[in-house]
Amino acid sequence: MNRFDDDIQEMLAILKDRGITDARLLRSMATVKRHLFVPEPFTSRAYEDSALPIGKMQTISQPYTVAFMTQALGVRVGDKILEIGTGSGYQAAVLAELGAKVFTIERHQELLSAARKIFDRLDYRIASKSGDGTVGWSEFAPFNGIIVTAGAPDVPDPLLKQLVDGGKLVIPVGDLEMQNLLIVTRTGNRYDKREVHGFKFVPLVGKMGWAKG
Ligand code: SAM
């Protein structure tokens, strides 16, 4: 029994209530120790369904958002997944727990260093680098899925190009206040979009993103 067990059960109940049905995903989120990714003084609130500060004016996304985006990505064991916006490292750890080969990019070196320490501690083998993720990671492309965890003004073209045929890109797109989640599926050179309304992310800053945060 650990001190977060009840909080974890409450988080799972909220996720199920809000329509998260993927049992493998729920198991992964029950397994990944979210409290290790949330710095003090917010650690005791780690399993609340809210975004929390992680430093550098950035946040760890709320559990529902992580679950919704991951479910939309439809991750299979062995899939190569690129994440843009490592932040705390929590989303990357959930993807790794699902059996994906995870590649993640973060523009703040300090956040990336903190996330890498937790990956090592929990024995997650995750490839990571610091830099501008809006141009993707061409050395390791193509990816079965790409997940962008910061809000973009538009869909960065390089990310579409780095998807396998049949691959999915999940990305919040909108203005700085509100975004819609776009779920883009590539079929050959066709990109079909589904849109889900009402998400709020920190800005995606970079060559194919916003000029500054
Ligand atoms: N996935 C994160 C987690 O599990 O904690 C949440 C990330 S936070 C909502 C978004 C992150 O995207 C921030 O850490 C921010 O620094 C990062 N970011 C913004 N623009 C970026 C870019 N162009 N390339 C890489 N990271 C970026």
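Cut-offs used in this document
- Residues numbered from 1 in each chain as written.
- Predicted model: local features only at pLDDT ≥ 70, side-chain atom pairs only at ≥ 80, totals over all residues.
- Heavy atoms only, no water.
- 1 Å grid on protein atoms, 1.4 Å probe; cavity = no way out; pocket = protein on both sides within 12 Å on 5 of 7 lines; lining within 4 Å.
- Points joined across faces, edges and corners; volume = space filled by probe spheres on them.
- Helix = DSSP H or I, 4+ residues; strand = E, 2+ residues; numbered from the N terminus.
- Pairing = 2+ DSSP bridges.
- Axes fitted to C-alpha atoms, helices over the stretch in contact; angles between N-to-C directions.
- Contact = heavy atoms within 4.5 Å.
- Salt bridge = Lys/Arg side-chain N within 4 Å of Asp/Glu carboxyl O.
- Buried < 20%, exposed > 50% of the residue type's maximum accessible area, 1.4 Å probe, protein only.
- Phe/Tyr/Trp six-rings, centres within 6.5 Å; stacked < 30°, edge-to-face > 60°.
- Lys NZ or Arg CZ within 6 Å of the ring centre and 35° of its normal.

Participant: Explanation requested: empty space enclosed by the protein in the structure shown.
Facilitator: Taking a probe equal in size to a water molecule and rolling it over the atoms shows the remaining empty space. Per the counting criterion, the structure on display carries one cavity of 30 Å³ or more. Quantified by volume, the largest cavity comes out at close to 40 Å³. Around the largest cavity sit Asp 22, Arg 24, Leu 25, Thr 70, Gln 71, Gly 74, Val 75 and Leu 98, which together line it. If you list the elements that add at least two residues to the lining of the largest cavity, you get helix H2 (23–31) and helix H3 (63–73).

Participant: Quick question: what am I supposed to make of the sheet that holds strand E5 (residues 127–130) here?
Facilitator: In any sheet, the strands associate via hydrogen bonds between backbone groups, in a parallel or an antiparallel arrangement. A sheet is described by the order of its strands in space; here seven strands give the open sequence E5-E4-E3-E6-E7-E8-E9, paired in mixed fashion. Looking at which strands have only one partner, the edges of the open sheet turn out to be E5 and strand E9 (190–199). When strand polarity is set aside, the average angle formed by the axes of neighbouring strands in this sheet is 15 degrees. Most of the contacts of H3 go to strand E7 (residues 163–174), to which it runs at about 150 degrees, and overall it touches strand E3 (80–84), strand E6 (143–148), E7, strand E8 (179–187) and E9. Its contacts with the sheet put helix H4 (residues 90–97) on E3, strand E4 (101–106) and E6, and the angle it makes with E4 is roughly 170 degrees.

Participant: What is the right way to look at the pattern of salt bridges in this model?
Facilitator: Between side chains of opposite charge, a pair can form as their charged atoms come close. Tallied over the full model, the rule gives seven salt bridges. Its salt-bridge partner being Asp 49, residue Arg 18 comes within 3.0 Å of it at the nearest N-O pair. On the criterion of sequence distance, the pair formed by Arg 18 in the loop between helix H1 (5–17) and H2 and Asp 49 in the loop between H2 and strand E1 (52–55) is long-range, its members being 31 residues apart. Across the salt bridge formed by Asp 79 and Arg 76, the nearest N and O atoms sit 3.2 Å from each other. Using a relative accessible area of 7% as the deciding quantity, one classes Asp 79 as buried. The exposure class assigned to Arg 76 is exposed, which follows from its relative accessible area of 52%.

Participant: When you look at the packing of aromatic side chains in this model, what are you seeing that I'm missing?
Facilitator: Geometrically, a pair of aromatic rings is defined through the distance of the ring centres and the angle of the planes. Using the criterion set out here, one finds nine aromatic pairs in the structure. Summarising the aromatic geometry, the rings of Phe 37 and Tyr 90 are spaced 5.8 Å apart at their centres and angled 70 degrees between planes, so their arrangement reads as edge-to-face. Taken together, the positions of Phe 37 in the loop between H2 and E1 and Tyr 90 in helix H4 put the pair 53 residues apart, joining distant regions of the chain. Grouping residues by exposure puts Phe 37 and Tyr 90 together as buried. With centroids separated by 5.7 Å and ring planes inclined at 40 degrees, the aromatic side chains of Phe 68 and Phe 199 adopt a geometry described as tilted. Taken together, the residues Phe 68 in helix H3 and Phe 199 in strand E9 connect sequence positions 131 residues apart. Each member of the pair Phe 68 and Phe 199 is classed as buried. Following the ring pairs from residue to residue traces out a cluster consisting of Tyr 64, Phe 68, Phe 199 and Phe 201. Here the guanidinium or amino end of Arg 18 rests over the ring plane of Tyr 64, the centre of that ring lying 3.7 Å away. Positioned over the ring face of Phe 143 is Lys 80, at 5.5 Å from the centre of the ring.

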